[in-house]
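What follows is each chain in one-letter form.
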Amino acid sequence: MGDLLLVRHGETQWALTGQHTSWTDIPLTENGREQARGLAPLIGTYRIGAAFTSPRERARDTAALAGFGDAWVDADLSEWDYGAYEGVTTVEIHRDRPDWYLFTDGVAAGPPEHPGESPEQVGERADRMLAKVDAALAENEGSVVLFGHSHFLRVLAARQLGLPVSGGALFQLATGTVSRLSTEHGRPVVASWNLRPSS
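Owing to the predicted nature of the structure, the values given are computational and were not obtained by experimental measurement.

Engineer: Any chance you could explain unusual backbone geometry here in plain terms?
Structural biologist: One can expect most non-glycine residues to show negative phi and most peptide bonds to be in trans. Positive phi, close to 55 degrees, is recorded for His185, a residue that is not glycine. By secondary structure assignment, the location of His185 is in the loop between strand E5 (177–184) and strand E6 (187–195). Look at His185 and you get exposed, because its relative accessible area is 77%.

Engineer: So what exactly am I meant to see when it comes to helix H7 (residues 150–160) here?
Structural biologist: Residues spaced three or four apart along an α-helix point in a common direction, a consequence of the helix completing one turn every 3.6 residues. Within H7, 9 of the 11 residues are buried, which leaves it mostly tucked inside the rest of the structure. Regarding H7, the residues found buried are Ser150, His151, Phe152, Leu153, Arg154, Val155, Leu156, Ala157 and Ala158. Among the structural elements, strand E1 (4–8), helix H5 (102–105), helix H6 (119–139), strand E4 (143–148), E5 and E6 are those in contact with the buried residues of H7. The first or second residue beyond H7 is Gly162, which carries a positive phi of 80 degrees.

Engineer: Honestly, the pairing of E1 in this entry has me stumped. Any pointers?
Structural biologist: In regular strands, side chains alternate between the two faces of the sheet. In terms of burial, E1 is largely enclosed, as 5 of its 5 residues are buried. The sheet contact formed by E1 and E4 spans 5 bridges and is parallel. Within the sheet, the bridge partner assigned to Arg8 lies in E4 and is Gly148. Sheet analysis places E1 next to E5, joined by 5 bridges and oriented antiparallel. When the sheet's bridge partners are listed, Leu4 is paired in E5 with Leu181.

Engineer: Got a minute to help me understand the sheet that holds E1 in this structure?
Structural biologist: Pairing between the strands of a sheet is mediated by backbone hydrogen bonds and can be parallel or antiparallel. The strand order E3-E2-E4-E1-E5-E6 describes an open sheet built from 6 strands, whose pairing is mixed. Since the sheet does not close on itself, it has two edges, and those belong to strand E3 (72–73) and E6, each with one partner. Bridging between strand E2 (residues 48–53) and E4 involves 5 bridges; their strand directions are parallel. Among the inter-strand pairings, Ala50 is bridged to a residue of E4, identified as Val144. In the packing of helix H2 (residues 30–43) onto the sheet, the strands contacted are E1, E2, E4, E5 and E6, and the crossing angle to E5 comes to about 25 degrees. Docked against the sheet, helix H3 (residues 57–65) engages E1, E2, E3 and E4, running at close to 135 degrees with respect to E4.

Engineer: I keep staring at the side chain of Glu86 and nothing clicks. Help me out?
Structural biologist: With respect to the helices and strands, the residue Glu86 is situated in the loop between E3 and helix H4 (90–96). Put simply, Glu86 is tucked away with no salt bridge, and the nearest opposite charge, on Arg58, sits 6.1 Å away.

Engineer: What should I look at first to understand the packing of aromatic side chains in this one?
Structural biologist: Ring pairs (aromatic) are described by centroid distance and by the angle formed between their planes. In the structure shown here, the tally under the stated rule is 5 aromatic pairs. Between Trp80 and Phe103 the ring centres are 6.0 Å apart and the planes differ by 85 degrees, which places this aromatic pair in the edge-to-face class. Of this pair, Trp80 sits in the loop between E3 and H4 while Phe103 is found in helix H5, placing the two residues 23 residues apart along the sequence. Classification of Phe103 by relative accessible area gives buried; the value is 5%. With a centroid separation of 6.0 Å and 55 degrees between ring planes, the pair formed by Tyr101 and Phe103 is classed as tilted. The class of Tyr101 is partly exposed, set by a relative accessible area of 41%. Clustering of aromatic rings is evident, with ring pairs tying together Trp80, Tyr101 and Phe103.

Engineer: Where do I start with the packing of H2 against H3 in this structure?
Structural biologist: To describe two helices that pack against each other, one gives the angle between their axes and the distance between the axes. At a closest axis distance of 7 Å, the pairing of H2 and H3 adopts a crossing angle of 45 degrees. One element, H2, and the other, H3, form an angle in the oblique class. Crossing of H2 against H3: the hand is right-handed. Every residue of H3 that contacts H2 at Arg33, Ala36, Arg37 and Leu39 is listed here: Asp61, Thr62 and Leu65. Split into classes, the residues belonging to the contact of H2 with H3 amount to 3 nonpolar, 1 polar and 3 charged.

Criteria and cut-off values
- Residues numbered from 1 in each chain as written.
- Predicted model: local features only at pLDDT ≥ 70, side-chain atom pairs only at ≥ 80, totals over all residues.
- Heavy atoms only, no water.
- Helix = DSSP H or I, 4+ residues; strand = E, 2+ residues; numbered from the N terminus.
- Buried < 20%, exposed > 50% of the residue type's maximum accessible area, 1.4 Å probe, protein only.
- Contact = heavy atoms within 4.5 Å.
- Pairing = 2+ DSSP bridges.
- Axes fitted to C-alpha atoms, helices over the stretch in contact; angles between N-to-C directions.
- Lys, Arg positive; Asp, Glu negative; His and termini not counted.
- Salt bridge = Lys/Arg side-chain N within 4 Å of Asp/Glu carboxyl O.
- Phe/Tyr/Trp six-rings, centres within 6.5 Å; stacked < 30°, edge-to-face > 60°.
- Parallel < 35°, antiparallel > 145°, perpendicular 65-115°, else oblique.
- Left-handed = near helix turned anticlockwise from the far one by under 90°.
- Nonpolar A, V, L, I, M, F, W, Y, C, P; charged D, E, K, R; others polar.

Structure, rendered in structure tokens:
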């Protein structure tokens, strides 16, 4: 069985300002594009059997610039739907909810087309994605690479390791990085985290 590689998309303007970004299609900055291009040789050190990407432009562009323009687009890799917190920073949220914590509290309800997701809903989506990863690992030789977003990939990592959704809080994930989940003695482990080409 291969490993699972988690790639957070390259830098965006909202990533720089700390604004929560789920469905809003913010493009990569020029630095973000450079980050994405730099991922190609790093990911190239692995034998990749399957690649998936979020439908958001920033993830798809990262995949393409890293050499995976043919990655399978899967809506289950979308970022946590932040509901009313879309485009809002944590500092701004804390003005009204000083104890708010995404991984346990979820988000405030947004418009009908983007109502927001609870931690449980995000966990269920992560579990669905992991089932697809398991199928791809069973059907293909090599590893699976996922191009996605910070909070969702953190939850997915937690679920792969047998942790609750709130465990995603333990895994800080920087833009333009590769993280690898593997196994040791048949159990899932973190093999590397937040790698950049210069790491």
